Each structure stands twice: as structure tokens, then as C-alpha cells.
Amino acid sequence: MNRATYIWFVLGTAGYVNTEQAIGIVFSREKTLESMRRLRRLAIAGELRAGELELDAWRRLAAAHLPETEASIVTGYRKLDITPAGIAYLCADPIVDWVVTPATRSNVLGVQAVASDLVYGKTNYLYDCHGAGTANKK
């Protein structure tokens, strides 16, 4: 079971971005732009450090991928682990309710849940974007 279907069937929620969702990009400019926006945010979330601006993380990613294109930067997000600052950054996106990551982080947002699945042998850490520290989110 891949990560997208695991999140859908085991955790019972849709993922932020995955291959299955992005299939429609060949038919829709809007889906293409939205998928690229989400992939870019994930790439930044894997690089962002505490107290840093989004642009600083993006510049570091771009420098690491030169002379490649932006597409190569955002497709490399899978290799990155989301940083604690990146969790808060993802939660700032109004469409995100939870950040799910296989790596534990300090409790950056207040409420953290652990989802252990004995059947698939996976543990995921869920960070509630509506918990402490994100009270201004609607």
C-alpha cells in the first residue's frame, strides 16, 4: 500500500498532494497550478528552519538543484523530511487540517496524535493544525 492510499484508507482522510490526485493535471491548468503550489510548499516544509522566511528556504532548494528547473525542485520533496518549522508552515495553508509525517517532531503545534497501524507496520505522527498555536486559522 503506497502512502496516498494508506492515508486515504487507514487514516480516513485525503492527502495534501500525491500522484493519484495529480493525474488530472493533463486536463486542467487549474489542477496543474494547484499541484505545483502544494509540491512547492512541501519542498519548502522540508527545508524551512525556525525563524526563517519561506524565500530563504526556497533559495537554498534552488541552489541545490541548479541548473535544473523548478519542477525538479518540487518533485524532490519526497526525499525531504518535514522540519518542525515546516509543520507550522504547512498548517498555515488554509486547506490543511493535519500534517501527517512518519517522523516525530517536537510538539510544535500543541496537540499531537500517534497513529500506529499493526497491519502495515507503520507509525505516523499527526499534527493538528487547529490546535494550540494556530488559533487564528479558520
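These numbers come from a predicted model, not from an experiment. Note that residues are indexed from 1 along each chain, following the sequence as it is written. Per-residue local features are limited, in this predicted model, to residues with pLDDT of at least 70; the limit for side-chain atom pairs, both in listing and counting, is 80 or more; totals at the level of whole chains, interfaces and linings are taken over all residues. The side-chain values count all of the structure's non-hydrogen atoms but skip hydrogen atoms and water molecules.

### Brief notes about the nonpolar core
Note the threshold: Joining through side-chain atoms within 4.5 Å is the link that ties buried Ala, Val, Leu, Ile, Met, Phe, Trp, Tyr and Cys residues into a set, and such a set is a nonpolar core. We call a residue buried when its accessible area falls under 20% of the maximum for its residue type, exposed when it is over 50%, and partly exposed in between, using a 1.4 Å probe and counting protein chains only. Only DSSP runs of H or I with at least four residues qualify as helices, and only runs of E with at least two residues qualify as strands; both kinds are numbered from the N terminus onward.
Within the largest apolar cluster, 22 residues are counted, with the highest numbers of intra-cluster contacts made by Y16, I44, L48, I82, L90 and V99. Of all the secondary structure elements, the ones that give two or more residues to this core are helix 3 (29–45), helix 4 (54–65), helix 6 (84–91) and strand 3 (122–128).

### Points about the state of the cysteines
To keep things clear, this is the line we draw: Cysteine sulfurs are considered disulfide-paired once they come within 2.5 Å of each other.
The full count for this structure, using the stated rule, is one disulfide. The disulfide partner of C91 is C129, and the gap between their sulfur atoms is 1.9 Å. Measuring the twist about the S-S bond at about -70°, one finds the C91-C129 disulfide to be left-handed. Here C91, found in helix 6, pairs with C129, found in the segment after strand 3; they are 38 residues apart in sequence, far enough to count as distant. Each member of the pair, C91 as well as C129, is classed as buried.

### A look at the confidence of the model for the protein
Let me state the cut-off plainly: Known as pLDDT, the predictor's per-residue confidence is scaled from 0 to 100. Whether two residues are in contact is decided by their heavy atoms: any pair within 4.5 Å suffices.
For the protein, mean pLDDT is 75; residues scoring 70 or higher make up 75% of the total. Mean pLDDT per element in the protein: helix 5 (residues 70–75) is the minimum at 57, and helix 6 is the maximum at 90. Scored below 50 in pLDDT, residues 132–138 makes 13 contacts in the model with residues more than four places away or belonging to other chains.

### Regarding the packing of aromatic side chains
What counts is decided by this rule: Here the aromatic set is Phe, Tyr and Trp, taking the six-membered ring for Trp, and pairing holds for ring centres within 6.5 Å; pairs whose planes are under 30 degrees apart are stacked, those over 60 apart are edge-to-face, and all others are tilted. Note on criteria: charge over ring means Lys NZ or Arg CZ within 6 Å of the ring centre, with the direction from the centre no more than 35 degrees off the ring normal.
What the rule picks out here adds up to zero aromatic pairs. Its end group placed over the ring of Y16, R38 keeps NZ or CZ at 5.4 Å from the ring centre. Against the face of Y89 rests R41, its NZ or CZ located 3.9 Å from the ring centre.

### Side note on the pairing of strand 3
Taken residue by residue, a regular strand's side chains alternate between the two faces of the sheet. Heads up, the condition is: Criterion used throughout: strands pair if DSSP finds at least two bridges between them.
When you tally the buried positions in strand 3, you get five out of seven residues, the bulk of the element. Both strand 1 (residues 98–101) and strand 3 contribute to a ladder of four bridges, which runs antiparallel. Directly across from V99, in strand 3, lies its bridge partner Y127.

### A short note on the side chain of R41
Among the structural elements, R41 can be located in helix 3. Among residues more than four places away in sequence, those in contact with R41 are Y16, Y89, L90, A92 and D93.

### Notes on the packing of helix 3 against helix 6
What counts is decided by this rule: To get an axis, fit a line to the C-alpha atoms, keeping to the stretch in contact for a helix; angles then go from 0 to 180 degrees between the N-to-C directions. Any angle from 65 to 115 degrees is called roughly perpendicular, while one under 35 is roughly parallel, one over 145 is roughly antiparallel, and all others are oblique.
Contact geometry for helix 3 and helix 6: axes closest at 8 Å, N-to-C directions at 155°. Judged by the angle between their axes, helix 3 and helix 6 are roughly antiparallel. Each of R41, L42, I44 and A45 in helix 3 lies in contact with helix 6, whose residues at this interface are G86, Y89 and L90.

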